[in-house]
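Now for the letters of each chain:
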Amino acid sequence: MHDFGDIFVKILVINSGSSSLKFQLFSLPDFKVIASGLLEESDDEQSPARMTFPVNSGETRTINTTLPTTQERPAISAMLGLLRAYDIMDDENDLAAIGHRVVHGGEAFHEPVLIDEDVIKAIEKLIPLAPLHNPANLSGIRLLREHVPDIPQVAVFDTAFHQTIPEHGFLYALPHELYTKHKIRRYGFHGTSHGYVARQAAEYLDRPLDELNIISLHLGNGASAAAIKNGKCIDTSMGLTPLEGLVMGTRSGDLDPAILFYLSRETGMNMDELDNLLNKASGLKGICDENDMRTITKSAAQGDQRAQLALAMFCYRIKKYIGSYMAALGGVDCIIFTGGIGENSAIVRKMSCAGLHPFGITIDQEKNALRHKKRAAIHSTESSIQVLVVPTNEELEIARQTLQVLTTASLHKGKNNAI
Ligand code: AMP
């Protein structure tokens with residue numbers, strides 16, 4: 001790792017979705033968060049924006065505002081304007097690099113890369129696999145290349161962590177040429193998060209990651225499980241797209257594909273309607289009309305039967321994945337709960353692990369009920385498998401990987417020649 005001394009440089013992390021842009025600015029060398037924010041692009045020419053940053057007194061200040069975003073002034077420019085307006089980044093040359101979350105790296109990218117024209121073309125070629133996300137990621141990259149051409153940009157792929165999955169795990173049982181011609185295979189997502197929490201768990205357990213078998217459960221609005229053998233991913237629940245696997249906020253997860261043929265024949269639903277049904281109107285929302293786990297938990301406790309069913313289905317699917325990944329891994333050292341639900345919902349953790357005592361998984365209900373802002377073990381003394389809650393931090397992981405790429409590339413950028 002480069003010795004930064006007391007030189008002050010920053011890394012900006014951008015996570016652009018189809019209708020929003022999240023950003024976080026870190027100072028080096030200690031990866032302290034200088035500012036984080038969210039811009040939601042709306043059809044009106046004013047987009048809601050929020051930015052939080054620490055102020056001198058040690059407290060944080062939150063700005064809630066609206067910013068003009070137009071085609072000529074997209075969200076990225078608005079974000080740069082916001083950072084400047086509050087003197088958080090007076091000069092872009094303060095930036096050592098910009099790290100982008102890029103959703104789909106296909107088979108082309110096994111690790112983060114420094115962005116150049118070839119990388120841009122490769123991300124472009126992957127648009128059919130992520131039609132909503134990759135274009136949004138690309139437009140941010142392109143705009144910043146115009147705006148701050150001298151600042152290196154790094155792409156960190158959501159799929160990269162899963163590129164170690166062996167062929168028998170990533171292929172679907174379909175005619176082989178669908179893979180060779182159309183690249184239909186399991187790619188997996190949430191890779192940055194699974195990789196981050198796995199390393200955090202190894203550090204917490206004080207054991208080398210490459211000696212650990214881990215089941216990582218990222219449970220948020222999107223949810224996925226990963227089986228990690230000796231530190232490398234060997235299977236994951238999301239597939240060609242983030243629709244497969246666990247029950248999610250609005251996505252169905254696993255189902256019999258023949259349901260689609262049946263629905264199409266019976267109701268005349270077309271492709272777009274089916275896509276919408278499975279991605280936006282299913283999962284928790286489909287079961288109980290609500291996709292926020294906090295509301296569902298509350299309603300379930302008050303006796304709402306649909307909410308109880310949604311909770312039961314959500315946790316039962318997780319339990320099935322735990323079981324199948326125990327078999328795939330041939331022995332598990334630890335299970336990690338992360339993501340908004342995994343980190344915060346004691347009831348989901350409890351129900352997902354209920355009855356797994358014969359397999360060496362027992363949760364300590366008191367430890368589980370505590371609020372966990374930091375890494376914490378929640379298994380009981382009789383549990384042979386450790387169960388951990390590990391807060392994820394995808395932005396920090398992207399910032400770290402961005403720095404790593406820069407260090408490896410031995411680039412010297414920024415006015416301080418810090419890297
Ligand atoms: P994420 O996509 O990781 O931001 O997670 C969003 C999900 O986490 C939503 O379903 C929230 O309801 C859920 N969540 C956040 N806080 C809590 C909490 N305290 N208890 C239960 N679920 C929570």
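In this report, we go over the structure that sits alongside the text.

Rules used throughout
Residues numbered from 1 in each chain as written. Predicted model: local features only at pLDDT ≥ 70, side-chain atom pairs only at ≥ 80, totals over all residues. Heavy atoms only, no water. Phe/Tyr/Trp six-rings, centres within 6.5 Å; stacked < 30°, edge-to-face > 60°. Helix = DSSP H or I, 4+ residues; strand = E, 2+ residues; numbered from the N terminus. Buried < 20%, exposed > 50% of the residue type's maximum accessible area, 1.4 Å probe, protein only. Contact = heavy atoms within 4.5 Å. Pairing = 2+ DSSP bridges. Axes fitted to C-alpha atoms, helices over the stretch in contact; angles between N-to-C directions. Near = heavy atom within 4 Å. Polar contact = N/O pair within 3.5 Å; in protein donor to acceptor, adjacent residues only side chain to side chain. Areas by Shrake-Rupley, 256 points an atom, 1.4 Å probe, with all protein chains shown as cover. Nonpolar A, V, L, I, M, F, W, Y, C, P; charged D, E, K, R; others polar.

**Section: the packing of aromatic side chains**
Turning to step 1, where the next piece is worked out: This structure, assessed with the given rule, holds 5 aromatic pairs.
Turning to step 2, where the next piece is worked out: Relative to F157, the ring of F109 has its centre 4.3 Å away and its plane inclined at 10 degrees; by these criteria the two rings are stacked. In this pair, F109 is assigned in the loop between strand 6 (95-102) and strand 7 (113-114) and F157 in strand 8 (residues 153-157), connecting sequence segments 48 residues apart. For the pair formed by F109 and F157, the shared burial category is buried.

**Some details on the side chain of Q200**
Turning to step 1, where the next piece is worked out: With respect to the helices and strands, Q200 occurs in helix 6 (residues 191-205).
Turning to step 2, where the next piece is worked out: What Q200 contacts, discounting residues up to four positions off in sequence, is R375, V390 and R400.

**Some remarks on the sheet that holds strand 7**
Turning to step 1, where the next piece is worked out: Overall, mixed pairing links the 8 strands, which are arranged 5-4-3-2-1-6-8-7 in an open sheet. Sheet topology places strand 5 (60-68) and strand 7 at the edges, where each strand pairs with a single neighbour.
Turning to step 2, where the next piece is worked out: Two elements, strand 4 (residues 46-54) and strand 5, share 9 bridges in a ladder whose sense is antiparallel. Directly across from Q46, in strand 5, lies its bridge partner P68.
Turning to step 3, where the next piece is worked out: Contacts between helix 15 (residues 394-409) and the sheet are confined to strand 1 (9-16), strand 2 (20-28), strand 6, strand 7 and strand 8, with strand 6 contributing the most and set at about 120 degrees to the helix.

**Description of the site of the ligand**
Turning to step 1, where the next piece is worked out: If you check the shell around the ligand, you find G220, N221, N291, D292, M293, R294, G339, G340, I341, N344 and S345 and nothing else.
Turning to step 2, where the next piece is worked out: Here an oxygen atom of the ligand and a backbone polar atom of N221 are 2.9 Å apart.
Turning to step 3, where the next piece is worked out: At 2.9 Å from an oxygen atom of the ligand is found a main-chain nitrogen or oxygen belonging to G340.
Turning to step 4, where the next piece is worked out: Burial of the ligand by the protein chains amounts to 72% of its free accessible area of 510 Å².
Turning to step 5, where the next piece is worked out: Taken together, the elements giving at least two residues each to the shell around the ligand come down to helix 10 (293-301) and helix 12 (339-344).
Turning to step 6, where the next piece is worked out: In the shell around the ligand, the residues fall into 2 nonpolar, 7 polar and 2 charged.

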